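# Reading the structure
Below, each chain spelled out in residue letters.
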Amino acid sequence: MVKRKSKSEFINWFGPLLDALRELGFSGKPKEVSDKIAENLNLKEEFLDQTLKSGTNKFHNQVAWARQYLTWEGLLDSSVRGTWKLTEKGKNTYLNDEQSREIFLKWVAINQKARINKSKLEVIEEQEENDPDSVELKAESSLLEILQSLSPSGFENVCKELLREHDFENVEVVGRSHDGGIDGYGVLEVNPFVSFKVIFQCKRYKGSVSRSQVGDFRNAMIGRAEKGIILTTGTFTREAEKEASRDGAPQIELVDGQKLVKMFEKVQLGVKERKVFDVDMAYFQKFKD
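Just so you know, these numbers come straight off a predicted model, no measurement behind them. (Residues numbered from 1 in each chain as written. Predicted model: local features only at pLDDT ≥ 70, side-chain atom pairs only at ≥ 80, totals over all residues. Heavy atoms only, no water.)

## Regarding helix α2 (residues 30–41)
Our working definition: Per the convention used, a helix needs a DSSP run of H or I reaching at least four residues, while a strand needs a run of E reaching at least two, with both numbered from the N terminus. In this analysis, the expected span of each helix is defined as 1.5 Å times one less than the number of residues it contains. Contacts between residues were defined by any pair of non-hydrogen atoms, one from each residue, lying within 4.5 Å.
With twelve residues, α2 extends 17 Å between its outermost C-alpha atoms, agreeing within 8% with the 16 Å of an ideal straight helix rising 1.5 Å per residue. Where α2 is buried, its residues contact α1 (14–23), β1 (27–28), α3 (45–48), α4 (58–72), β3 (84–86) and α11 (238–244). Just downstream of α2 lies N42, where phi reads positive at about 55°.

## Re unusual backbone geometry
Here N42, not a glycine, exhibits a phi torsion of approximately 55°, which is positive. Among the secondary structure elements, N42 is positioned in the loop between α2 and α3.

## Observations concerning the pattern of salt bridges
When the charged atoms of two side chains lie near each other, side chains of opposite charge can form a pair. As a reminder of what qualifies: A carboxyl oxygen of Asp or Glu within 4 Å of a side-chain nitrogen of Lys or Arg is what we treat as a salt bridge. With a 1.4 Å probe rolled over the protein chains alone, any residue whose accessible area is under 20% of its type maximum counts as buried; one over 50% counts as exposed, and the rest are partly exposed.
A full pass over the atoms with the stated rule returns 17 salt bridges. Between E243 and R218 there is a salt bridge, with the nearest N and O atoms lying 2.5 Å from each other. Placement of E243 in helix α11 and of R218 in helix α10 (residues 211–221) is noted, with a sequence separation of 25 residues between them. Each member of the pair, E243 as well as R218, is classed as buried. The network of salt bridges with common partners includes K31, D35, E45, R238, E239, E241 and K242.

In structure tokens, the structure reads:
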């Protein structure tokens, strides 16, 4: 496998991202695409579990940046939020390392010209650490930072309110740390005839929740509830994700930092909606040539 120690590592995923979308039927959710790339290239777990200073997953962030460059290049369609889709041009484009680097350098130069006070190196370094959607990133980082700054009991209680806003009933925080990792419980009514008792655990992390922590939570859940949820401001390792959905064992729902932010935004809890317009650089570029 190619060594990935230099800046702009996300160039390595340009071609594999196009290949993954072709295999997924020309479109897919971001996580689906990242997982397909990891599967196709047989990437190691320790590489996939690396995180950035912000606590977000490094690999998924790199793939998101690859997607952004391919969108600027007209190979992906950016019109549908939350879904990555190949354009007709993208369906028939296969990129090698040299072609990927040419696309990268082209758009770094365009970005650098658009941001006069930034050098090319600064643009690249900024991309290495941040999410491609800068507006969403600022809101997401801000909310995550606030959640991470709460006291342990404060985070548990704000999660309680979040679950209530998402139609959970009788939600209560246990209020003690020695109850097998259980921080609270509630009831989710699917319909008038079916409801589930749910227990939840809140992890105010910047790092990753491990497989063993998911397993320990499941053990605490057995006999007490039909469903378990782990909410964290961090991420979950690949092994933790596998453990949560392991066949023959009660399923655990995992809510990482990014999903947590979306849950707050969906019910507008602690956040205010505002309309923002981003400049479509790919659109204006054709008028410069």
